[in-house]
Number of protein chains: 2
Amino acid sequence: MAKEKKLVESITSREVDFAQWYTDVVREAKLCDYSGVKGCLNYLPNGYAIWEKIQADLDKRFKDTGVENVYLPVLIPEALLQKEADHIEGFAPEVAWVTQGGLEPLQEKFCIRPTSETLFCDVWSKTVQSYRDLPKVWNQWCSVLRWEKTTRPFLRSREFLWQEGHTIHATFEEAEQRTLTMRDVYRDFIQDDLAIPLVCGRKTESEKFAGAQDTYTVEALMHDGQALQSATSHFFGSSFPDAFDIKYSDKNNELHSVYETSWGLSTRIIGAIIMVHGDDSGLVLPPRIAPVQTKVIPIAQHKEGVLDKAGELLDTLRAAGYAAKIDDSDKAPGWKFSEQEIQGIPTRIEIGPKDIEQGQVVVVRRDTREKTVVAIGEITEKLGEILETMQKDMFERAKAFLDSHIDSAVTMEEMNSKFNESRGFIKAMWCGEEACEDEIKAQTGGASSRCIPDEEEHLSDVCICCGKPAKHMVYWGKAY
Amino acid sequence: MAKEKKLVESITSREVDFAQWYTDVVREAKLCDYSGVKGCLNYLPNGYAIWEKIQADLDKRFKDTGVENVYLPVLIPEALLQKEADHIEGFAPEVAWVTQGGLEPLQEKFCIRPTSETLFCDVWSKTVQSYRDLPKVWNQWCSVLRWEKTTRPFLRSREFLWQEGHTIHATFEEAEQRTLTMRDVYRDFIQDDLAIPLVCGRKTESEKFAGAQDTYTVEALMHDGQALQSATSHFFGSSFPDAFDIKYSDKNNELHSVYETSWGLSTRIIGAIIMVHGDDSGLVLPPRIAPVQTKVIPIAQHKEGVLDKAGELLDTLRAAGYAAKIDDSDKAPGWKFSEQEIQGIPTRIEIGPKDIEQGQVVVVRRDTREKTVVAIGEITEKLGEILETMQKDMFERAKAFLDSHIDSAVTMEEMNSKFNESRGFIKAMWCGEEACEDEIKAQTGGASSRCIPDEEEHLSDVCICCGKPAKHMVYWGKAY
Ligand SMILES: [Zn+2]
Ligand SMILES: [Zn+2]
């Protein structure tokens, strides 16, 4: 009992100190920790297993749209990185340089990829000639490195894991469509599998990716009211491929430019899962993304037959396709409950002598702690229903939270007071000038334009900041 | 027809020039190509898809033995790499160093991981205290970098993809058992899934991994008679963990050393698949590892109903769980056949107007080109049988080749003449001295000790080289 208390007490209350709560959950759930390399993480088994589930689910969605996976080098020659001006300007300050190979200094230095647009373009410049070679719809799962000053687990680190998709197309329309398709793949994946509701749209000029013509984004709202950019999809037009001299000849042997896209989602999304669904007892994983869906916990396991029955139950669950584990260690049940809760395993199944006598088990949901007594013969069916309901409930709860944290403003006073009261998204009109974005950020203490939504509302005729005619309605928010 | 010819002619005959044949197959099957970074490969969709299959199959086998996946940083601080003397000595000449982060020079330089023993030990030194924390059975899928001078696709490149498993255990016996278990996992995977027969054993002192106490290996024989080390499993004892001060307290609170293992398999194995199974028409993929198991090729597809029926067939195959594709492009059937053969897709299914009339299709095996006429209603059942038979036949053929290329020798004259005649493995007795290994290598023009097999034969009382009393029977061979 003492140990149980200690486990839960090691997590700061979410309401008392959100940042500390986050750090505590990451540590106590054993998701990752800092390595000996400043700003680089060790992804531990519990954390990496979530990433593996994300990879499997998202990769399947990618492949359903025709994506092929590849792997390009971890190193980029300096000359290659410099080929596209906006791009190098965006990344030069934060790349790590390799200057020595083996025992000798290198003639040309290489950077560790911060992103791989230049490498993909380099491959295509050598291999794409004809319309028959198009489109190329490629993706790679890898790590990238950006020499950040400040770091936080999953949210910002020097090295992080991600996927980066890169495509080229014969027409503007096809590339634009691909950009939107991938944005929608992210949206559906995050909403359906991660139970995280989103605001979708495109970025303003100043928030776009270095070198992109358009950046589409999906934005989630954390429990502290801060936004988190959860995935982005970029449309490059022809500027990038032109810089690499990628051209194709059509059926009439005429040369044309190609149109490029890129799109990515990173381990940041694990931070979003924590901050959207977690509570004061730790992590809460949506059932569809949980590496372990249920944990069997025997009660009074020293009594005859309990461990046997628990083991049978485990076998039954696994045979039915559930990701199930058992905790038959000599720890007290209360300790086991706490650990299962801290790690966010969606359900636990308690089975003790009385349950066995009555031919039943008790299923406990992680999110609501609701207990359901289930006849042991019906467990494989009922557990699926409970997990599906839990998945749906988690999304609905997060959606209600998001909806109640979206407000609108037509004056700066209104916006300021609303950002002071409670965080969240605030909708407001904007003239299209970066100066106003800067001004709003300064006045609100950090709120940035998160996106221009697909469907804009007309809140007023003028920019909330400068009073000039409004061009767009923008979602504003303070962001991670 | 001209085009078809051209496709096949682009591959040099295996008997004429094996090295050129290999390069041609890699290029024509579009597996990988050289990137702009010297010695680094671009893994293209066809090549990377094979690696994805290997990952999926092997990872499942790992997890069945209790392995957990993690991800540790790509960078290793210089001081960390230097903690184990043999290790740094082994790797220092071939690592790449990062000396600049962002716009500033670094105070301490980092190398890009050539292997991650030091990082795993660093994590454990901070987190392992009690016997309750043991064992740790971790693995990561990642890329590593070694600044090699010469490079060949898959066989040797500066950056390559692999998995590296690292474990620590409370006892010598448990760690030794893990080393052997993983060697067996590799053996079963390579023999069962890749249809590559192996010679298994442990390495001599001079061929061991830097810092290891024992290195177990599985060795395959390529079609040119050269050996290829296909996976290794290392037992470190306590030297490595001791250097990192990893100790655990037992139930009586007494401190003990832990025992370590590591084990890995890399993209080299794709080179083995090519060189064991490929032929003059290109790649031949064992069905269990083929990303695409069958390709539907419509004949006279301009005729009414052919494309419809071919499409239906594709749907039927996919619904039955086959990895199936269709080539309904406007290329000639002969061209499509060649492409399917070059890429090593295990079967193609030809379907034309006559077949449709007779309610049948023609399945053609890639390895033997054997044609089987199958009633269309039985295709999902028959295709599975054909693929299973092909998998078995491929292993049997490779096994017959291996067996016929294992010989033995009791004098150096005999060994030399046998290595001159035909390559392969030669079994011979050895005194245990490195000097004799060097001498044998010099005399035979490069044959090295491949392994001491689990079950040694007694061929003679004395070392084949120096005539001193023999300690072991060794498999010798020229290796990639
Ligand atoms: Zn304005
Ligand atoms: Zn000798």
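Going along each chain's sequence as written, the residues are numbered from 1 onward. Here every chain gets a letter starting at A, and every ligand a number starting at 1, in the order they are written. Reporting in this predicted model follows two pLDDT cut-offs: at least 70 for local features of residues, and 80 or more for side-chain atom pairs to be given and counted; totals over whole chains, interfaces and linings ignore these cut-offs and use all residues. Remark: hydrogens and water are excluded; side-chain values derive from all non-hydrogen atoms of the structure.

Novice: Is there a simple way to explain the coordination of the zinc ion (ligand 2) in this structure?
Specialist: Working reference: metal with six octahedral donors, ideal angles 90 or 180 degrees; metal with four tetrahedral donors, ideal angle 109.5 degrees. Residues and elements named next belong to chain B. Listed donor atoms are N, O and S within 2.8 Å of the metal (Na, K and Ca: 3.2 Å). As water is not included, a site may look incomplete. Listed as protein donors to the zinc ion (ligand 2) are Cys431 (SG), Cys436 (SG), Cys463 (SG) and Cys466 (SG); their distances from the metal cover 2.3 to 2.4 Å. Counting the intervening residues between successive donors of the zinc ion (ligand 2) yields the motif C-x4-C-x26-C-x2-C. Taken together, the residues Cys436 in helix H15 (residues 434–444) and Cys466 in the loop between strand E22 (448–453) and strand E23 (472–477) connect sequence positions 30 residues apart. Per the convention used, a helix needs a DSSP run of H or I reaching at least four residues, while a strand needs a run of E reaching at least two, with both numbered from the N terminus.

Novice: How do you make sense of the packing of aromatic side chains when you look at a structure like this?
Specialist: Centre-to-centre distance and the angle between the planes together describe a pair of aromatic rings. Residues and elements named next belong to chain A. Under the pairing criterion, centres of Phe, Tyr and Trp rings, with the six-membered ring standing for Trp, must be within 6.5 Å; the plane angle then separates stacked pairs below 30 degrees from edge-to-face pairs above 60, leaving the rest tilted. One pass over the full model with this rule turns up 38 aromatic pairs over all chains. Put simply, the rings of Trp51, Phe62, Trp141, Tyr186 and Trp263 pair up and form one aromatic cluster. Criterion for a charge above a ring: Arg CZ or Lys NZ at most 6 Å from the ring centre, at most 35 degrees from the ring normal. A cation over an aromatic ring shows up here: Lys109 above the ring of Trp97, its NZ or CZ 4.6 Å from the ring centre. In this arrangement the basic side chain of Arg348 is found over the ring face of Phe337, its NZ or CZ atom lying 3.9 Å from the centre.

Novice: Got a minute to help me understand the interface of chain B and chain A in this structure?
Specialist: Reports of interface size often rely on the accessible area that becomes lost once the parts have come together. Here a residue-residue contact requires only that any non-hydrogen atoms of the pair lie within 4.5 Å. The interface of chain B with chain A comprises 52 residues on the first partner and 52 residues on the second. Buried area counts how much accessible surface, traced with a 1.4 Å probe, disappears from two parts once they are put together, with both parts' losses summed. Contact between chain B and chain A buries roughly 4200 Å² in total, counting both sides, with carbon and sulfur atoms accounting for 60%. Salt bridge, as used here, is a side-chain nitrogen of Lys or Arg placed within 4 Å of a carboxyl oxygen of Asp or Glu. In this structure, the connection of chain B to chain A is made through 4 salt bridges. Across the pair Lys63 of chain B and Glu52 of chain A runs a salt bridge, and its minimum N-O distance is 3.2 Å. Polar contact criterion, stated in full: a pair of N or O atoms within 3.5 Å, where within protein one must be able to donate a hydrogen and the other to accept it, and residues adjacent in sequence count only if both atoms are side-chain atoms. Applying the counting rule to chain B against chain A returns 21 residue pairs in polar contact (both at pLDDT 80 or more).

Novice: Help me understand the packing of helix H3 (residues 45–64) of chain B against helix H9 (residues 268–277) of chain B, please; the structure alone is not making it clear to me.
Specialist: In a packed pair of helices, the relevant descriptors are the angle between the two axes and the axis-to-axis distance. Residue and element names in this part refer to chain B. Each axis is a line fitted through C-alpha atoms, and for a helix only the stretch in contact is used; angles between axes span 0 to 180 degrees, taken between their N-to-C directions. For the pair H3 and H9, the least separation of the axes is 10 Å and the interaxial angle reads 105 degrees. Here H3 is positioned roughly perpendicular relative to H9, judged by the angle of their axes. Facing H3, whose interface residues are Gly47, Ile50, Trp51 and Ile54, H9 presents Ile269, Ile270 and Ile273. Along the lines of polarity and charge, the residues of the contact of H3 with H9 split into 6 nonpolar, 1 polar and no charged. Each angle is binned into one of four classes, with values under 35 degrees roughly parallel, values over 145 roughly antiparallel, values of 65 to 115 roughly perpendicular, and all other values oblique. For this scheme, ten residues count as nonpolar: Ala, Val, Leu, Ile, Met, Phe, Trp, Tyr, Cys and Pro. Four count as charged, namely Asp, Glu, Lys and Arg, and the remainder, Gly too, count as polar.

Novice: Any chance you could explain the coordination of the zinc ion (ligand 1) here in plain terms?
Specialist: Residues and elements named next belong to chain A. Note on the zinc ion (ligand 1): its protein donors are Cys431 (SG), Cys436 (SG), Cys463 (SG) and Cys466 (SG). The metal-donor distances range over 2.2 to 2.3 Å. Given 4 donor atoms and angles of 103 to 115 degrees at the metal, the environment of the zinc ion (ligand 1) is assigned as tetrahedral. The sequence motif formed by the donor residues of the zinc ion (ligand 1) is C-x4-C-x26-C-x2-C. Given the relative accessible area of 6%, Cys436 is considered buried. A four-donor site is called tetrahedral if each angle lies between 85 and 135 degrees; a four-donor site is square planar, and a six-donor site octahedral, when trans pairs exceed 155 degrees and the remaining angles lie between 65 and 115; all other cases are labelled irregular. Burial classification: accessible surface area is computed with a 1.4 Å probe over protein chains only, and a residue below 20% of its type maximum counts as buried, one above 50% as exposed, and the rest as partly exposed.

Novice: How do you make sense of the environment of Asn420 of chain A when you look at a structure like this?
Specialist: Structurally, Asn420 of chain A is set in helix H14 (residues 412–421). Residues Asn420 of chain A and Ala323 of chain A, spaced 97 residues apart in sequence, show a C-alpha to C-alpha distance of 44 Å.

Novice: What should I look at first to understand the environment of Ser460 of chain B in this one?
Specialist: Residues and elements named next belong to chain B. Inspection of the secondary structure assignment puts Ser460 in the loop between E22 and E23. Taking the C-alpha atoms as reference, Ser460 lies 8.3 Å from Ala428; in sequence the two are 32 residues apart. Among residues more than four places away in sequence, those in contact with Ser460 are Val410, Met429 and Ala470. From its side chain, Ser460 meets the backbone nitrogen of Val462 in a polar contact 3.0 Å long.

Novice: Hey, could you run me through the UniProt feature "domain: Aminoacyl-transfer RNA synthetases class-II family profile" (unreviewed entry) in chain A in this one?
Specialist: UniProt positions are given in the numbering used here, feature names are shortened, and annotations may be inferred rather than shown by experiment. As annotated by UniProt and renumbered to match this structure, "domain: Aminoacyl-transfer RNA synthetases class-II family profile" (unreviewed entry) occupies residues 45–286 of chain A. In the segment residues 45–286 of chain A, helix accounts for 32% and strand for 32%; the C-alpha atoms at its two ends are 18 Å apart.

Novice: How do you make sense of the sheet that holds strand E9 (residues 199–202) of chain B when you look at a structure like this?
Specialist: What links the strands of a sheet is backbone hydrogen bonding, and the strands pair in either a parallel or an antiparallel sense. All names here are of chain B. With mixed pairing, 11 strands are arranged side by side in an open sheet as E3-E7-E8-E14-E11-E10-E9-E22-E23-E21-E20. Two strands in the sheet have a free side with no partner beyond their single neighbour: strand E3 (68–69) and strand E20 (406–408). Bridge analysis of E9 against E22 gives 2 bridges, and the strand direction is antiparallel. Its bridge partner lying in E22, Arg202 is registered against Ile452. Contacts from helix H14 (residues 412–421) reach E20, strand E21 (425–430) and E23, with the element oriented near 165 degrees to E21. For two strands to be treated as a pair, DSSP must find no fewer than two bridges joining them.

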